[in-house]
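Read off the chains here:
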Amino acid sequence: MNLELFIAKRLITGKEHKSSISAPIIKIAIAAIAIGVVMMLIAIATGAGLKEKIREKIAAFNGHIQIANYDNNRSDVSVSPVDINQAFYPNFTTINGIEHVQAVAVKAGVIRTEKTFEGILAKGVGKDFRWQSFNEFLVAGNLPDFSKDISEKALISNILAKRLQLDVGDTFLAIFLKDGDPSRPPNNRRFTVSGIYDSGFVELDASYILIDIRHIQRMNKWKPNEIGNFEVFLSNFNEIDAKTNAIYDETLSTLDTQNIKTKYFKIFEWLPLFDFNIALIIGIMIVVGGINMITALLVLILERTQMIGVLKALGSPNWSIRKVFLLNAAYLIVLGLFWGNLIGLGILFLQQKFQFLKFPNPEEYYVTYVPVSIDFLTVVLLNIGVMVLCLLMLLVPSYAISKIAPVKAIKFE
């Protein structure tokens with residue numbers, strides 16, 4: 001039998017423990033641990049969720065990596081065409097971790113209505129386009145189908161629809177200048193709004209409409225096998241830098257590769273600030289919880305001074321007695337972790353399902369609601385970390401037991 005564990009169990013389950021002077025202090029310590037865990041879980045899950053959601057939205061418009069001719073000079077508009085007949089298209093078999101490759105083309109233009117006009121980037125897509133992100137963004141109408149004959153359907157953003165006073169089923173005129181000679185009459189194309197999307201990413205929503213890529217090929221006088229660029233989607237975003245280099249090595253010398261971290265460097269320089277904020281919150285919560293546990297431990301030692309004196313008189317070493325109180329404190333920490341995880345994960349699951357927490361200024365965060373991302377391994381490591389750090393913080397105050405003299409302790413009241 002483990003003597004320290006036996007005594008700790010008796011202290012925890014004893015009736016006098018619940019009615020003692022230390023009872024309210026112990027409850028406060030447990031509550032501090034629980035609240036700290038709730039705050040840490042929310043900080044980690046919302047920070048990770050926000051970063052993940054922003055990356056997903058940028059990738060929906062650009063893919064993770066773009067492959068294009070050097071002549072494009074990293075412009076949003078497709079200038080020099082690329083032959084679609086490449087070894088890596090439609091399946092990039094030479095590199096692992098690539099989910100999808102699609103061919104697109106972009107052309108700048110203007111949408112003109114009877115009352116107003118707006119500058120746009122018309123993104124031409126084909127039957128290989130991955131619609132799953134835009135299916136999530138869709139707020140009205142249907143996604144266009146470009147898998148058959150050339151289509152006059154277009155998908156526009158909610159921002160453009162409001163500015164141009166367009167609705168599903170309405171037609172509009174899009175004007176595109178001819179490449180090489182702006183003085184020539186422009187290309188006019190009439191489209192019908194098949195659907196309206198809202199990604200929440202104002203910077204992109206205010207520019208992009210999605211049309212059939214064959215319109216851009218015709219306006220640019222490209223051949224059917226010529227496209228603007230390729231967009232590559234990865235299965236793991238964390239490998240984006242390594243995959244960008246690998247793709248560059250596997251493609252022709254005339255082709256350049258660029259990833260969204262480079263293209264939208266300002267946004268991706270801003271995202272790591274979330275990691276700093278999360279680390280700061282975790283540090284503060286652990287310190288607050290640890291201080292409360294130190295207070296609770298010292299009160300428990302003070303309350304059990306006579307017991308400490310008796311154990312010392314019977315020959316128990318200081319470390320053995322310290323273990324009794326550390327085990328007692330570990331039980332309180334576990335109790336706080338249990339309630340903290342129950343409440344914290346409960347709030348996160350509800351937010352993930354019902355999205356009741358909204359951003360007051362969604363344009364600043366690129367999302368309308370607070371996204372969450374819950375990783376089981378992260379939750380486990382967080383709980384282990386809190387447990388270990390709190391116990392380490394308790395080692396110093398538990399040293400006070402070694403300073404208690406048996407004779408004085410037995411007489412202590």
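Look a little higher up for the structure.
Since the structure is predicted, the reported quantities are computational estimates derived from the model, not experimental observations.

Some remarks on the overall build of the protein chain
Logical step 1: Along its length, the protein chain carries 16 helices and 12 strands.
Logical step 2: For the protein chain, the C-alpha atoms occupy an extent of roughly 105 × 45 × 30 Å along the three principal directions.
Logical step 3: Within the protein chain, the fraction of its 413 residues that count as buried is 48%.
Logical step 4: A total accessible area of about 21,100 Å² is found for the protein chain, and carbon and sulfur atoms account for 59% of it.
Logical step 5: Both charge centroids of the protein chain, one from 41 positive and one from 37 negative side chains, sit 9 Å from each other.

A few points about the nonpolar core
Logical step 1: Formed by 72 residues in total, the largest nonpolar core has its most connected members in Phe134, Phe172, Ile209 and Phe230.
Logical step 2: Element by element, the count of residues in this core is highest for strand E3 (residues 98–112), at seven residues.
Logical step 3: For Phe134, the contacting residues outside a window of four places in its chain are Ala60, Phe61, Phe129, Leu143, Leu155, Tyr197 and Leu210.
Logical step 4: Ranked by size, the runner-up nonpolar core spans 40 residues in total, among them Ile7, Ala29, Leu326 and Leu332.

Thoughts on the packing of aromatic side chains
Logical step 1: Scanning the entire structure with this criterion turns up 15 aromatic pairs.
Logical step 2: Consider the rings of Phe129 and Phe134, whose centres lie 6.0 Å apart with planes at 45°: the pair is tilted.
Logical step 3: Taken together, the ring pairs connect Phe61, Phe129, Trp131, Phe134, Phe137, Phe146, Tyr197 and Tyr208 into an aromatic cluster.
Logical step 4: Across the ring face of Phe233, the terminal group of Arg130 is positioned such that the distance to the ring centre comes to 4.1 Å.

A look at helix H12 (residues 305–313)
Along an α-helix, residues three or four positions apart point the same way, because every turn accommodates 3.6 residues.
Logical step 1: Looking at H12, one finds that the buried residues are Thr305, Ile308, Gly309, Leu311 and Lys312. Seen along its axis, H12 keeps its buried residues to an arc of 165°; they face one direction.
Logical step 2: Backbone geometry just after H12 places Gly315 at a positive phi near 105°.

Concerning the pattern of salt bridges
Logical step 1: The final tally for this structure, using the stated rule, is nine salt bridges.
Logical step 2: For the salt bridge of Glu231 with Lys123, the shortest nitrogen-to-oxygen distance reads 2.7 Å. Linking Glu231 in strand E11 (residues 229–234) with Lys123 in strand E4 (residues 117–125), this pair joins segments that are 108 residues apart in sequence.
Logical step 3: For Glu231, a relative accessible area of 4% corresponds to the buried category.
Logical step 4: Among the ionic pairs, Asp241 bridges to Lys261, the shortest N-O distance being 3.0 Å.

Notes on the side chain of Ser157
Logical step 1: Looking at the element boundaries, Ser157 is found in strand E6 (residues 153–157).
Logical step 2: Note on Ser157: relative accessible area 0%, which makes it buried.
Logical step 3: One polar contact links the side chain of Ser157 to the main-chain carbonyl oxygen of Asp205, over a distance of 2.5 Å.
Logical step 4: Apart from residues lying up to four places away in sequence, Ser157 is in contact with Ile196, Tyr197, Asp205, Ala206 and Tyr208.

With respect to a nonpolar patch on the surface
Logical step 1: On the surface, a nonpolar cluster with roughly 960 Å² of combined accessible area is contributed by Trp319, Phe376, Leu377, Val380, Leu381, Ile384, Val388, Leu389, Leu392 and Leu395.
Logical step 2: By the secondary structure assignment, Leu381 is in helix H15 (residues 376–398).
Logical step 3: Judged by relative accessible area, which is 52%, Leu381 ranks as exposed.

As for the packing of H12 against helix H13 (residues 318–354)
Logical step 1: Two elements in contact, H12 and H13, have axes whose closest approach is 10 Å; the angle formed by their N-to-C orientations is 145°. For the pair H12 and H13, the crossing hand works out as right-handed. Along its contact with H12, which presents Met307, Ile308, Leu311 and Lys312, the element H13 presents Asn318, Ile321 and Phe325.
Logical step 2: Looking at the contact of H12 with H13 residue by residue, the class counts come to five nonpolar, one polar and one charged.

Looking at unusual backbone geometry
When glycine is set aside, most residues are seen to have a negative phi, and most peptide bonds are trans.
Logical step 1: Residues Tyr89 and Pro90 are joined by a peptide bond in cis, for which omega reads 5°.
Logical step 2: Along the chain, the position of Pro90 falls in the loop between strand E2 (82–83) and E3.
Logical step 3: One non-glycine residue with positive phi stands out, namely Lys221, at about 60°.
Logical step 4: Mapped onto the elements of the fold, Lys221 is located in the loop between helix H7 (213–219) and strand E10 (226–227).
Logical step 5: Since its relative accessible area comes to 69%, Lys221 is described here as exposed.
Logical step 6: Positive phi, close to 50°, is recorded for Gln355, a residue that is not glycine.
Logical step 7: Judged by relative accessible area, Gln355 falls into the partly exposed class, the value being 26%.

Remarks on the environment of Glu250
Logical step 1: Within the secondary structure, Glu250 is located in helix H8 (residues 240–250).
Logical step 2: For Glu250, a relative accessible area of 45% gives the class partly exposed.
Logical step 3: Expressed as a C-alpha distance, the spacing of Glu250 and Val367, which sit 117 residues apart in the sequence, is 36 Å.
Logical step 4: Leaving out residues up to four positions away in the same chain, Glu250 has contacts with Phe92, Thr94 and Ile95.

Concerning the environment of Ile54
Logical step 1: Here Ile54 shows up in helix H3 (residues 23–62).
Logical step 2: Relative accessible area serves as the criterion here: at 0%, Ile54 is assigned to the buried category.
Logical step 3: Apart from the residues lying within four places of it in its own chain, the contact partners of Ile54 are Phe201, Ile267, Trp270, Leu271, Tyr365 and Tyr366.

Concerning the packing of helix H11 (residues 272–303) against H13
Logical step 1: Interhelical geometry of H11 versus H13 gives an angle of 135° and a closest axis separation of 10 Å. Classified by the angle between their axes, H11 and H13 sit oblique to one another. The crossing of H11 and H13 is right-handed. When H11 is examined against H13, the residues Met293, Leu297, Leu300 and Ile301 are found in contact with a partner set consisting of Phe325, Asn328, Ala329, Leu332 and Ile333.
Logical step 2: Residue composition of the contact of H11 with H13, grouped by class: eight nonpolar, one polar and no charged.

Thresholds, definitions, all that
Each chain carries its own residue numbering, running from 1 in the written order of its sequence. Per-residue local features of the predicted model are confined to residues with pLDDT of at least 70, and side-chain atom pairs are confined, for both listing and counting, to 80 or more; whole-chain, interface and lining totals are unaffected and use all residues. Here the side-chain values reflect all heavy atoms present in the structure, with hydrogen atoms and water set aside. Secondary structure elements are taken from DSSP: a helix is a run of H or I of four residues or more, a strand is a run of E of two residues or more, and numbering for both begins at the N terminus. Burial here depends on accessible area, computed with a 1.4 Å probe over protein chains only, as a share of the maximum for the residue type. Under 20% is buried, over 50% is exposed, and the range in between is partly exposed. The method behind every accessible area is Shrake-Rupley, applied with a 1.4 Å probe, and residues are considered shielded solely by the protein chains displayed. Charge assignment in this entry is limited to Lys and Arg as positive and Asp and Glu as negative, and neither His nor the chain termini are counted. Lys charges are placed at NZ, Arg charges at CZ, Asp charges at CG and Glu charges at CD. In plain words, nonpolar cores are sets of buried Ala, Val, Leu, Ile, Met, Phe, Trp, Tyr and Cys residues tied together by side-chain atoms within 4.5 Å. Throughout, a contact is declared for two residues whenever any of their heavy atoms are within 4.5 Å. Pairing of aromatic rings covers Phe, Tyr and the six-membered ring of Trp, with a centre-to-centre limit of 6.5 Å; geometry is then stacked below 30 degrees between planes, edge-to-face above 60, and tilted otherwise. In our convention, an over-ring charge means Lys NZ or Arg CZ found within 6 Å of a ring centre and within 35 degrees of that ring's normal. Within this analysis, the arc is defined by the directions that extend from the helix axis to the C-beta atoms. One side-chain nitrogen of Lys or Arg within 4 Å of one carboxyl oxygen of Asp or Glu is enough to make a salt bridge. Throughout this description, a polar contact denotes any pair of N or O atoms lying within 3.5 Å of each other; where both atoms belong to protein, one of them has to be capable of donating a hydrogen while the other can accept it, and for residues adjacent in sequence the pair is counted only when both atoms sit in side chains. Patch membership is restricted to residues that have no salt bridge and whose relative accessible area is over 30%. Joining uses 9 Å for like charges and 5 Å for the nonpolar side chains Val, Leu, Ile, Met, Phe, Trp and Tyr. In this description, a line fitted to the C-alpha atoms serves as the axis of each element, helices being fitted only across the stretch in contact, and the angle between N-to-C directions of two axes falls anywhere from 0 to 180 degrees. In a left-handed crossing the near helix is turned counterclockwise from the far helix by less than a right angle, and in a right-handed crossing that turn is clockwise. Ten residues, namely Ala, Val, Leu, Ile, Met, Phe, Trp, Tyr, Cys and Pro, are considered nonpolar, four, namely Asp, Glu, Lys and Arg, are considered charged, and the remaining ones, Gly among them, are considered polar. Orientation is classified from the angle alone, with under 35 degrees giving roughly parallel, over 145 giving roughly antiparallel, 65 to 115 giving roughly perpendicular, and any other angle giving oblique.

Honestly, that's just the spatial picture; any functional story needs more than this.
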